[in-house]
Amino acid sequence: MAGAVVLLLLAPLMLLAMAPPAGAVGTLCLPTATTACIAGTVRSDAGVVPNVKLTVTDPSGTAQEVVTGDDGRWNVQVSKEGAYKIALQEDTLPDNVAVSGANEVTVQAKFNATAPALIPVRTSTYVSSTSKVDELIQSSASGLRLGLLLALASIGLSLIYGTTGLSNFAHAEQVTLGGILGYFVVNVHGLNLWLGGLLVIVLCGFTGWFQDRVMWQPLRRRGLGLTQLMIVTIGLSLAMQYTFQYTVGARTVRVVQDNPTVRTIGPITLTNQSFVAMGISIVVIAAVGFALLRTRIGRATRAVSDNPALAAASGIDVDRVIRLVWTVAMALAGLSGLLYALVTNGIKWDSGLQILLLLFAAVTLGGLGTAFGALVGSLIIGLVVELSPVLGMPGDFKYATALLILILLLLVRPQGLLGRPERVG
C-alpha cells in the first residue's frame, strides 16, 4: 500500500516530466533537449551596461557575436555541448567602464540547461572595500529572506506535530516537490509564473489531503504508535528523494532561466524576485495566523492540538481537522519550495536533506506544536545561518552554527522559546 501511495502521490510530477516541453514564454532563452543556452548580464557598480559586444566561440572554433540589450542582458542558443569561450570586446565599453580581471571566460554548455557567463566590469570610481556594517545589513536581509521561506514550511510542520504528535521526516521533500513542480510547470511547459505557482500550491495541497486520506488516517485507526508512523515518514522521504532523482537527475533546477533584475536599497542588494517572495511570505503567514486566531476552524485546530479527546467530546470532527491541517501544511511547503527555487541558487533532488535540519531546528527552537513559535524559530535560524559567515564562521559550517545555538538554548529552556513547559511522569 505504501508503494501505491508514493506512486499516486508523485503522479503529477511524473506526468509533467514525461510531457513534451512547450515553447519559451516570457524568457530570454529556453533550452531544450537538443539545445543549450548561454546567458549573462554586463553590469558595473553604476548599473547595467547596454550595447556591449561579446564574442561566443564554440568548441570547433566558430565564433558569433552577441550584443547586450538596454537592460545589459545577453543570451545565445547553441546546438552543441562542450566548452564555449565568451570574450567581451573592451572597445565597446563606455569610456569610464573597464573589465575587472580577464575579459574572457569559458563555460560548459549542456543540453536542456542554461550556462551563466559572468565577466565583471567596474567604473573608474569603484571602491572594492565594504564596511562591516554594510555586510551585516546585507546578510541580515538575506537571513530574513531565508527565515521567511523556512517559516512557510515550518509552520505546517509544527501544525502537523501539534494535532497528531507526528514528526514528519518527509516534510522537507514536500518543499523539494514544490520547487521541482514549479520548474516543470513554469520552465518546461511555459505557464505564466503566477498561474503556475497557483497550480503548484493546489497540487501540493492535494498531496497532503491524499496522504492523510489514504495513508495516515487508516494507520491512525489501526492504532499504530508514533514511532511506527515516524518510520513510515522516513520511508516516504527516501521514496520521494529517489523519485526526484529519477525525474530531474542530479542537476540543480530553478523556476526561471533568465537573469533576475537586481534592486539596491541602501546597502541591501536583492533581486526583485526576492522582495516579491518576501512580501508573499509575510502575507501568507499573516493569513495563517489570522485563521488560527479568529476563525472557527482555527479555534478547532488549536483545540485538537491541546487535547484531541476533549475536542472530539465537544463535537469537533478531529479527523476532518487533521486532514485540513495536512492539506494546508503541504500547500505551504509547496509554496516555500517554489519560492526557494525562484530566489536562491535553485533546488535539487536532495535539497530536502539540508532543509530538513533547518526546519526541525526552527520548530524545536520556537516550541514544538506552536505555529507562532515556528515563525520565530525560523527567523532566528535564517538570521544565524546568514550572519555567521560575516562574524567569522567558515561558510561550510554556517548550518552547524544554527544547530549549536539550538542545543545551547534547549539546555536552558527545553520547551523552546514559545513552548509551554510540561510535566513528565
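For clarity, every value in this text was computed on a predicted model and none was experimentally measured.

### Focus on the overall build of the chain
Argument step 1. Tallying secondary structure elements over the chain gives 13 helices and 13 strands in all.
Argument step 2. Across the 425 residues of the chain, 46% fall into the buried class.
Argument step 3. For the chain, the computed accessible surface area is about 20,200 Å², with 62% contributed by carbon and sulfur atoms.

### Section: the nonpolar core
Argument step 1. One finds Ile155, Trp216 and Ile381 to be the most contacted residues of the largest nonpolar core, which totals 81 residues.
Argument step 2. When sequence neighbours within four positions are dropped, the list of residues in contact with Ile381 reads Leu150, Leu358, Ala361, Ala362, Leu365 and Ala402.
Argument step 3. Ala36, Val52, Tyr84 and Val107 belong to the second-largest nonpolar core, a separate cluster that totals 23 residues.

### Comments concerning the sheet that holds strand β9 (residues 104-109)
Argument step 1. In spatial order, the strands read β5-β4-β7-β9; together these 4 strands make up an open sheet with antiparallel pairing. Of all strands in the sheet, those bounded by a partner on one side alone are β5 (63-67) and β9. The sheet shows a mean angle of 25° between the axes of neighbouring strands, direction not considered.
Argument step 2. One ladder, built from 6 bridges, connects strand β7 (residues 82-88) with β9; its direction is antiparallel. Its bridge partner being in β9, Gly82 is matched across the sheet by Ala109.

### Some points on the state of the cysteines
Argument step 1. If you walk through the whole model with that rule in mind, you get 1 disulfide.
Argument step 2. A sulfur-sulfur distance of 1.9 Å marks the disulfide that ties Cys29 to Cys37. Disulfide Cys29-Cys37: the torsion about the S-S bond is -75°, which places it as left-handed.
Argument step 3. The exposure class assigned to Cys37 is buried, which follows from its relative accessible area of 0%.

### Points about unusual backbone geometry
Argument step 1. In this structure, Asn51 takes a positive phi of about 60° despite not being glycine.
Argument step 2. Take Asn51: it is sitting in the loop between β3 (47-48) and β4 (53-57).
Argument step 3. Even without a glycine there, the phi angle at Asn112 is positive, about 65°.
Argument step 4. A relative accessible area of 29% places Asn112 in the partly exposed class.

### Let's talk about the packing of aromatic side chains
Aromatic rings considered in pairs are described by the distance between their centres and by the relative angle of their planes.
Argument step 1. Applying the stated criterion to the full structure yields 5 aromatic pairs.
Argument step 2. Both rings, one in Phe206 and one in Phe210, keep their centres 5.9 Å apart while their planes meet at 35°; by these two values the pair is tilted. Placement of both Phe206 and Phe210 in helix α5 (residues 193-221) is noted, with a separation of 4 residues, approximately one turn of the helix.

### A closer look at helix α11 (residues 351-366)
Argument step 1. Here α11 is 16 residues long and its end C-alpha atoms lie 23 Å apart, about the 22 Å a rise of 1.5 Å per residue gives.
Argument step 2. Taking burial as the measure, the 16 residues of α11 include 12 buried ones, the bulk of the element.
Argument step 3. Within α11, the full set of buried residues consists of Ser351, Gly352, Ile355, Leu356, Leu358, Leu359, Ala361, Ala362, Val363, Thr364, Leu365 and Gly366.
Argument step 4. Buried positions along α11 lie against α3 (132-164), α4 (171-188), α10 (318-343), α12 (371-387) and α13 (398-412).

### Looking at the environment of Phe372
Argument step 1. Among the structural elements, Phe372 can be located in helix α12.
Argument step 2. Given the relative accessible area of 39%, Phe372 is considered partly exposed.
Argument step 3. C-alpha separation for the pair Phe372 and Ala151, spaced 221 residues apart in sequence, amounts to 9.3 Å.
Argument step 4. Excluding its chain neighbours within four sequence positions, the residues that come into contact with Phe372 are Gly289, Leu293 and Leu418.

### With respect to the packing of helix α8 (residues 296-306) against α10
Axes are the key here: two packed helices are described by the angle between their axes and the distance separating the axes.
Argument step 1. Where α8 contacts α10, the axes come no closer than 10 Å and their chain directions differ by 105°. Taken as axis vectors, α8 and α10 run roughly perpendicular relative to one another. Contacts between α8 and α10 involve Ile297, Ala300, Thr301 and Val304 from the first element and Val318, Val321, Leu324 and Val325 from the second.
Argument step 2. A per-class count over the contact of α8 with α10 returns 7 nonpolar, 1 polar and no charged.

Rules behind the numbers
Starting afresh in each chain, residues are numbered from 1 along the sequence in its written order. Two thresholds apply to this predicted model, a pLDDT of at least 70 for residue-level local features and 80 or more for giving and counting side-chain atom pairs, whereas whole-chain, interface and lining totals are computed over all residues. With hydrogens and water excluded, all non-hydrogen atoms of the structure serve as input to the side-chain values. Note on conventions: DSSP H or I runs of at least 4 residues are helices, E runs of at least 2 residues are strands, and numbering of each starts at the N terminus. Exposed residues in this analysis have more than 50% of their type's maximum accessible area, buried residues have under 20%, and partly exposed residues fall in between, with area computed by a 1.4 Å probe over protein chains only. Each accessible area is a Shrake-Rupley result for a 1.4 Å probe, and residues are judged covered by the shown protein chains and nothing else. Throughout this description, the term nonpolar core refers to a set of buried Ala, Val, Leu, Ile, Met, Phe, Trp, Tyr and Cys residues connected via side-chain atoms within 4.5 Å. Residues count as neighbours in contact if any of their non-hydrogen atoms are within 4.5 Å of one another. Each pair of strands is called paired provided DSSP finds at least two bridges between the two strands. In this analysis an axis means a line fitted to C-alpha atoms, helices contributing only their contacting stretch, and an angle means the value between N-to-C directions, from 0 to 180 degrees. Two cysteine sulfur atoms form a disulfide, by the criterion used here, when they sit within 2.5 Å. Working definition: a ring pair exists when centres of Phe, Tyr or Trp rings (six-membered ring for Trp) sit within 6.5 Å. Plane angles under 30 degrees give stacked, over 60 give edge-to-face, the rest tilted. Multiplying 1.5 Å by the residue count of a helix minus one yields the expected span of that helix. Each angle gets one of four labels, with under 35 degrees taken as roughly parallel, over 145 as roughly antiparallel, 65 to 115 as roughly perpendicular, and the rest as oblique. Note on residue classes: Ala, Val, Leu, Ile, Met, Phe, Trp, Tyr, Cys and Pro are nonpolar, Asp, Glu, Lys and Arg are charged, and everything else, Gly too, is polar.

Just distances and angles here, no functional claims.
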